Amino acid sequence: MKRIRGKANRIEKKEEGPTWHDATSMLSRIGWFKHTDTYGYFEAHALRVRKVVVETEKLPPGIDRLRIAQISDVHLGLIVQESRMREILEKVEAEKPDILVSTGDLVDGDVNRIGALPALFGRIRPPLGKFAVTGNHEVYAGLSASIRAKRDFGFTLLSGELQ
């Protein structure tokens, strides 16, 4: 058996600056984040009224239709301020709902500075009431303050109720 002594052949990569591939990858990531950010901004500001007809025979006698207005993911305080909330509530009011439901994330951020918002919500008086549940952003904003704000807005808070 023959042994060969000596240095092993090594290929060392010379440290250089960013390569074309690195720059392209970084630019495509920046572009993707910018696109996502822009989409999110416009999506958060898009108001949509979606009308859904549900036919049922479970309505009480004498009631042939029931209009339910649902608002969700408003994020009042962090993204949405008083002027935007006014726009949202004008759309709700125009639909003349029998019931208004808020299905989470109505408030977000500092809910202790709600100013004129209770009066804005007070203009909406559906004959069968206003009901709300909490979402994860109410927890982030402070659950006690969020619940207090929803009650100030005239909502009955639902939490595990069953009838």
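Predicted model, so just to flag it, every value in this text is computed and none were measured.

(A) Layout of the overall build of the protein chain. Looking only at helices and strands, the protein chain features five helices and four strands. Across the protein chain, helices and strands are ordered from the amino to the carboxyl terminus as α-β-α-β-α-β-α-α-β. Of all 163 residues assigned to the protein chain, the portion counted as buried reaches 26%. At a minimum sequence separation of 6, the contacts of the protein chain that also span at least 24 residues come to 83%. Here the protein chain displays about 13000 Å² of accessible surface, and carbon together with sulfur accounts for 54% of that area.

(B) Up close: the pattern of salt bridges. A full pass over the atoms with the stated rule returns six salt bridges. Across the pair Arg 86 and Glu 82 runs a salt bridge whose closest N-O atoms are separated by 3.2 Å. One end of the pair is Arg 86 and the other is Glu 82, both in helix H2 (residues 82–94) and four residues apart, which spans about a single turn. Among the residues examined, Arg 86 registers a relative accessible area of 32% and is labelled partly exposed.

(C) Region of the structure containing the environment of Gly 109. With respect to the element layout, Gly 109 can be found in the loop between strand E2 (99–103) and helix H3 (117–122). Put simply, Gly 109 and Ser 146 are 37 residues apart on the chain and 9.4 Å apart in space, counted from C-alpha to C-alpha. Aside from chain neighbours lying at most four places away, what touches Gly 109 is Leu 78 and Ala 141.

(D) How the structure looks around the sheet that holds strand E1 (residues 68–71). A sheet is described by the order of its strands in space; here four strands give the open sequence E1-E2-E3-E4, paired in parallel fashion. At either margin of the open sheet sits one strand with a lone partner, and together these are E1 and strand E4 (156–157). Sheet topology places E1 next to E2; four bridges connect them, and they run parallel. Its bridge partner being in E2, Ile 71 is matched across the sheet by Ser 102.

(E) Representation of the side chain of Asp 98 in the model. Along the polypeptide, Asp 98 turns up in the loop between H2 and E2. In this structure Asp 98 comes out as buried when scored by relative accessible area, which is 15%. Of the polar contacts made by the side chain of Asp 98, one reaches the backbone nitrogen of Arg 67; its length is 2.6 Å.

(F) Examining the pairing of strand E3 (residues 130–133) more closely. Here E3 shows a buried face lined by Lys 130 and Ala 132 and an unburied face lined by Phe 131 and Val 133. Sheet topology note: the E2/E3 ladder contains four bridges and is parallel. Following the sheet pairing, Thr 103 is matched in E3 by Val 133. Crossover handedness for the path E2 to H3 to E3: right-handed.

Conventions used here
Residues numbered from 1 in each chain as written. Predicted model: local features only at pLDDT ≥ 70, side-chain atom pairs only at ≥ 80, totals over all residues. Heavy atoms only, no water. Helix = DSSP H or I, 4+ residues; strand = E, 2+ residues; numbered from the N terminus. Buried < 20%, exposed > 50% of the residue type's maximum accessible area, 1.4 Å probe, protein only. Contact = heavy atoms within 4.5 Å. Areas by Shrake-Rupley, 256 points an atom, 1.4 Å probe, with all protein chains shown as cover. Salt bridge = Lys/Arg side-chain N within 4 Å of Asp/Glu carboxyl O. Pairing = 2+ DSSP bridges. Polar contact = N/O pair within 3.5 Å; in protein donor to acceptor, adjacent residues only side chain to side chain. Right-handed = clockwise from strand over helix to strand, strands pointing away.

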